[in-house]
Amino acid sequence: MVTLAEVAQHAGVSASTVSYVLSGKRSISGATRQRVEQSIRELGYHPNAGARALASSKSNIIALMIPLRTDMYVPVMMEIAIAVATTARTHGYDVLLLTGEEGPDAVRRVTGSGLADAMILMDVQLDDERLPLLRGTDQPSVLIGLPADTTGLTCVDLDFKATGALCVEHLAMLGHRDIAVIGEAPAVYERHTGFAERTLDGLRLRSQELGMRLLHRPCEGGYDAMAVTLARVLDERPGTTGFVVQNESAVEPLLALLRQQGRAVPEDVSVVAVCPDQVAVQASVRLTSVSIPAQEMGRHAVEQLVAKLDGRGSDEVVLIAPELTIRASTGPAPSTTHH
C-alpha cells in the first residue's frame, strides 16, 4: 500500500498539499497539482475509501434504488441503471444498487448510515411512500419518474402524458376511430406506477378531445394472457382498428395473434408501441413507436444530483419530450364499406 506521505515525498510537497489536491478543498497551482497527480499515477496511490469517507464525511457513492419487480421490463431498468453508473463515474462517483422492494426502509438505511452521499430513485409511484422521507432529509435525491405531487422534489422522466397523446394523434391522423390500449400487468396499475398512469391519462384525454373511442386493458404479457385480452377486446369492440401497446412482453404475442386471425398489420389494423427502439425494430413487424430515452433519463438524473451535491442545483422537473418514429406497423384505417 502506497501512503499519502510517500506521494508527498515523491512530489516534493507537504502531505497537506497532496490531501488538498485529492479533495479539491483548496485551489492548488496548476504546476503543483500536475506534479502531485504525476506522483499519484507513478506510485499507483489509491486513497483508502473508508478513511477518506471519515475525513471528509463523503463516500463518493450514489445509491440507486431500482426495485427489480417481476412485472417490470428489466432491460429498460438496467439500461437506465448503466447510464446512471457511467455518468456518475465521469463525475467521480460510484453507484450502489439497492434492488429490494423495501421502499422507505431502504431510504432510511442510506440516510441513516452515510452509506451514500445522495440517491436516485426509480419505479416511482404517484403517491410514493418514500417521498416523505426524502422531503425530510438534507441528503440530495433525484427521482427518475414523476409522483403526483412534485413539490420540493427533483425529477426527470419521459413526458408520458404527452407520449399517450402523441400515440392517439398519430392514429387519429390515419383515420382510426376505435383504439385499444394493451397495457402493463394489472399490478403495475394497482401500485399506481407513475409512468403507466400518466400514459393512460394522456391517451384518454387526447382521444376524448379528438372524439375517438378508447378501450384500455391491462395485460400480464406472454402469449396466453394476450390471447385472452385480444379476444375480449374484439368481442367488446369489433370495430377496433388501432392498438397502442405499452408492455414489451405483449408486443410479439399481439402481432402473432393478429396474423393468425387474418388481420394484416398495417392494412387491417395499426399498432403503435411505447417501448425501447430495440424492441420496436426487432419485432416481427417493425413497429411505429415512442422510444424510452433510457440513456438520457439516467444521464439527466446524475447531472441534476451532482449539481445538488455541488450546491448548485434547485428542485426542478425535467420532462423529456416524446418522439414518435414511424415504421411499418401503422397505416390508414381500412375504409368501412357501407351496405
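As recorded by an unreviewed UniProt entry, the chain carries the name LacI family transcriptional regulator and is attributed to Streptomyces caeruleatus.

Trainee: Help me understand the environment of Gly164 in this model?
Mentor: Checked against the element boundaries, Gly164 lands in helix α8 (residues 160-173). We classify Gly164 as buried; its relative accessible area is 0%. Not counting residues within four places of it along the chain, the set of residues in contact with Gly164 comprises Thr199, Gly202 and Leu203.

Trainee: Would you explain the domain arrangement of the chain in this entry?
Mentor: Interface size is commonly expressed as the accessible area that is lost once the parts come together. Assigned domains within the chain: domain 1 (4-47), domain 2 (61-158 + 294-321) and domain 3 (160-292 + 325-338). Taken over C-alpha atoms, the centre of domain 1 sits 59 Å from the centre of domain 3.

Trainee: When you look at the nonpolar core in this model, what are you seeing that I'm missing?
Mentor: Across soluble globular proteins, nonpolar side chains have a tendency to be buried as a group. Core analysis: the biggest nonpolar cluster contains 47 residues, and Ile80, Ile120, Ile144 and Leu203 have the highest contact counts within it. Counting only domains with at least three residues in this core, you end up with domain 2 (61-158 + 294-321) and domain 3 (160-292 + 325-338). Other than its neighbours up to four places away in sequence, Ile80 contacts Met122, Ile144, Ala294, Met297 and Gly298. Membership of the second largest hydrophobic core comes to 26 residues, among which are Ile182, Val233, Phe243 and Cys275.

How each quantity is defined
- Residues numbered from 1 in each chain as written.
- Predicted model: local features only at pLDDT ≥ 70, side-chain atom pairs only at ≥ 80, totals over all residues.
- Heavy atoms only, no water.
- Helix = DSSP H or I, 4+ residues; strand = E, 2+ residues; numbered from the N terminus.
- Buried < 20%, exposed > 50% of the residue type's maximum accessible area, 1.4 Å probe, protein only.
- Contact = heavy atoms within 4.5 Å.
- Domains from an automatic or database assignment.
- Core = buried A, V, L, I, M, F, W, Y, C linked by side-chain atoms within 4.5 Å.

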